[in-house]
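Observations on the model geometry
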Amino acid sequence: MLGSLRSVALTAARRAAATPTAASAASAGRYGALRSMSSDTATFDLTGSFEMYNIDSAPENSIEMSKEELMGHFEMMYTMRRMEITCDNEYKAKNIRGFCHLYD
């Protein structure tokens, strides 16, 4: 049973990675352009974004990230979201047994 669940998950991951969308095709050129630009950085102010709880020292209220780091985070977020959508579709098609807890 674990083997069949693993194969369903791998199939879903392959579908999510292999299925192009209009947005991903249109933005593929932009990714390359951003990566070839100079590594400018952006500073983000996080004041008020989180509360301290049971921690000795507070994290910094501002962070600095390069375009490459931001694009890496975006690509990971986009991949995770597509995987979640694919798992949802596979669950609804009854290819995933049991309960599938998604973030939606």
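Cut-offs applied
Residues numbered from 1 in each chain as written. Predicted model: local features only at pLDDT ≥ 70, side-chain atom pairs only at ≥ 80, totals over all residues. Heavy atoms only, no water. Phe/Tyr/Trp six-rings, centres within 6.5 Å; stacked < 30°, edge-to-face > 60°. Helix = DSSP H or I, 4+ residues; strand = E, 2+ residues; numbered from the N terminus. Buried < 20%, exposed > 50% of the residue type's maximum accessible area, 1.4 Å probe, protein only. Salt bridge = Lys/Arg side-chain N within 4 Å of Asp/Glu carboxyl O. Expected span 1.5 Å × (residues − 1).

Within the structure shown, the criterion is met by 1 aromatic pair. Taken together, a centroid distance of 6.1 Å and an interplanar angle of 20 degrees make the contact between Phe74 and Tyr78 stacked. Within this pair, Phe74 and its partner Tyr78 are both found in helix 3 (residues 67–92), separated by 4 residues, close to a single helical turn.

Even without glycine at this site, Asn54 takes up a positive phi of about 55 degrees. Within the secondary structure, Asn54 sits in the loop between strand 1 (41–45) and strand 2 (62–66). In this structure Asn54 comes out as exposed when scored by relative accessible area, which is 73%.

Another aspect to go through is the pattern of salt bridges. A full pass over the atoms with the stated rule returns 3 salt bridges. Put simply, Glu84 and Arg81 hold a salt bridge, and the shortest N to O gap is 2.4 Å. Note that Glu84 and Arg81 are positioned in helix 3 at a spacing of 3 residues, about one turn of the helix. For Lys92, the salt bridge is made with Asp88, and the minimal N-O distance between the two is 3.1 Å. Of this pair, Lys92 and Asp88 both sit in helix 3, 4 residues apart, which is roughly one turn of that helix. Overall, Asp88 belongs to the buried group, its relative accessible area being 17%.

Okay, the environment of Ile85 next. Within the element layout of this structure, Ile85 appears in helix 3. For Ile85, a relative accessible area of 39% corresponds to the partly exposed category. Taking the C-alpha atoms as reference points, Ile85 and Tyr103, 18 residues apart in sequence, are found 9.9 Å from one another.

On to helix 3, then. Compared with the 38 Å implied by 1.5 Å per residue over 26 residues, the 37 Å span of helix 3 between its first and last C-alpha is a close match. Considered for burial, the residues of helix 3 that qualify are Met71, Arg82, Glu84, Thr86, Cys87, Asp88 and Glu90. In the segment just after helix 3, Lys94 is the residue with positive phi, at about 65 degrees.

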